[in-house]
Amino acid sequence: MSEHRPISPTSRPRAGAAGWANGSLRILIIEDERDIAANIWDFLERRGYVVDHVADGAHGLMRATEGCFDVVILDLGLPGLDGLDLCRRLREAGQSVPVLMLTARDTLADCLRGFEHGTDDYLVKPFAMRELEVRIRALHRRRLPLQDASLHVGDLSYSPRSMLAERGGQSIPLTVAQGRILGLLMRTSPNVIHREELAFLLWGEEGGSFAALHTHICALRALIDRPFDDELLQTVHGIGYRLIANR
Ligand code: CA
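How each quantity is defined
Residues numbered from 1 in each chain as written. Predicted model: local features only at pLDDT ≥ 70, side-chain atom pairs only at ≥ 80, totals over all residues. Heavy atoms only, no water. Helix = DSSP H or I, 4+ residues; strand = E, 2+ residues; numbered from the N terminus. Buried < 20%, exposed > 50% of the residue type's maximum accessible area, 1.4 Å probe, protein only. Contact = heavy atoms within 4.5 Å. Areas by Shrake-Rupley, 256 points an atom, 1.4 Å probe, with all protein chains shown as cover. Pairing = 2+ DSSP bridges. Donors = N, O, S within 2.8 Å, 3.2 Å for Na, K, Ca; no water. Axes fitted to C-alpha atoms, helices over the stretch in contact; angles between N-to-C directions. Parallel < 35°, antiparallel > 145°, perpendicular 65-115°, else oblique. Nonpolar A, V, L, I, M, F, W, Y, C, P; charged D, E, K, R; others polar. Expected span 1.5 Å × (residues − 1).

**Student:** With reference to specific residues and values, describe the overall build of the protein.
**Tutor:** The number of helices and strands found in the protein is 8 helices and 12 strands. For the protein, with 247 residues in total, the buried portion stands at 50%. Across the protein, every contact between residues at least 6 apart in sequence was considered, and the portion connecting residues at least 24 apart equals 64%. When the accessible surface of the protein is summed, it comes to about 11,200 Å², and 52% of that surface belongs to carbon and sulfur atoms.

**Student:** I'd like to hear about the pairing of strand β8 (residues 164-167), residue by residue, with values.
**Tutor:** Residues Ala165 and Arg167 point to one face of β8 and are all buried, whereas Leu164 and Glu166, pointing to the other face, are not buried. Direction of pairing for strand β7 (residues 156-159) relative to β8: antiparallel, over a ladder of 4 bridges. For Ser157, the partnering residue across the bridge sits in β8 and is Glu166. Where β7 hands over to β8, the hairpin turn is made up of 4 residues, of which Met163 adopts a positive phi near 55°. As paired strands, β8 and strand β9 (residues 170-173) are joined by 4 bridges and run antiparallel to one another. Bridged to Glu166 within β9 is Ser171. What sits between β8 and β9 in their antiparallel hairpin is a turn of 2 residues, with Gly168 showing a positive phi close to 55°.

**Student:** Describe unusual backbone geometry, and please don't skip the residues or the numbers.
**Tutor:** Note that the residue after Lys125, namely Pro126, is joined by a cis bond; omega there is -5°. Structurally, Pro126 can be placed in the loop between β5 (121-124) and α5 (129-143). Cis geometry is found at the peptide bond from Ser189 to Pro190, where omega equals 10°.

**Student:** Would you mind going over the coordination of the calcium ion in detail, with residue names and values included?
**Tutor:** The coordination sphere of the calcium ion contains the protein donors Asp32 (OD), Asp75 (OD) and Gly77 (O), at a distance range of 2.2 to 2.3 Å. For the calcium ion, all donor residues lie on one chain, and their spacing in sequence is D-x42-D-x1-G. A relative accessible area of 3% places Asp75 in the buried class.

**Student:** Can you lay out the packing of helix α6 (residues 176-188) against helix α8 (residues 210-224) for me, pointing to particular residues and giving the numbers?
**Tutor:** The geometry of α6 relative to α8 is characterised by a closest axis approach of 10 Å and an angle of 80° between their N-to-C directions. The pairing of α6 with α8 is recorded here as roughly perpendicular in orientation. Counted together, Ala177, Gln178, Ile181, Leu182 and Leu185 of α6 and Leu213, His216, Ile217, Ala219, Leu220, Leu223 and Ile224 of α8 form the full contact between these two elements. Its residues placed into classes, the contact of α6 with α8 shows 10 nonpolar, 2 polar and no charged.

**Student:** Any chance you could break down the environment of Ala64 for me, citing the residues and the numbers?
**Tutor:** With respect to the secondary-structure elements, Ala64 resides in helix α2 (residues 57-64). The exposure class assigned to Ala64 is buried, which follows from its relative accessible area of 3%. Sequence-wise, Ala64 and Leu90 are 26 residues apart; in three dimensions their C-alpha atoms are separated by 7.4 Å. If near-sequence neighbours (up to four positions away) are discounted, Ala64 is found in contact with Leu28, Val72, Leu90, Gln95 and Val97.

**Student:** Got a sec to walk through the environment of Leu25? Specific residues and values, please.
**Tutor:** Structurally, the position occupied by Leu25 is in the segment before β1 (26-30). Taking the C-alpha atoms as reference points, Leu25 and Val50, separated by 25 residues in sequence, lie 6.0 Å from one another.

**Student:** A description of helix α1 (residues 34-46) should follow, citing residues and the corresponding values.
**Tutor:** Between its first and last C-alpha, α1 extends 18 Å over 13 residues, near the 18 Å set by a 1.5 Å rise per residue. Within α1, burial applies to Ile36, Ala37, Ala38, Ile40, Trp41, Phe43, Leu44 and Glu45. Buried positions along α1 lie against β1, β2 (50-54), β3 (71-75), β4 (99-103) and α5. Among the residues trailing α1, Gly48 stands out with phi positive, at a value near 95°.

Structure, rendered in structure tokens:
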């Protein structure tokens, strides 16, 4: 299943012509208008940012919850899940990545409501690319102390950037799906995440089965719990999962 819809076939994050002058800030563009997305992409990549793009809300939410981005540029009007719902669900999933909302003049009032949903800043289309960059850098500066923060529950830690977990002095590499699940469980710990929410964040509206989710959970449990004395990952039968430190 495609996890994101790149603009160009060679679209994996990479250094732009300006090299890594911007400290490899990673920017996710969630925008369904291809011309706008391509313009933003080209500008930011020339300025040395690492850019990725998704064209619809459901996939955008999946990518944004991975915790791999420094700033998310989010269009308000998106097919499927709109920008406001996406932002609310992103915050409910415990993800604090700064969100810069893009809006048309006639939907500005809706956009301003976005601040209740966790939007950090907004720009009205059309905007100057230099203005976009100024906003991105301001959002990133505000968040700098949180950058690269590892997540911790009990003696388990996890870095979304490196996708490495660590427990009992052992480094545990995770798959993308395992990393997403663990990141969500750690950010929301000790609360339960409903399995419907986890399935949505993993596979979007097409959905995966609870059986597939269970398979990922079992694999994750084998890595982070089985070799150790106490169990952190708990199943709440018929509802979902949670990560909880017993000591
Ligand atoms: Ca749109």
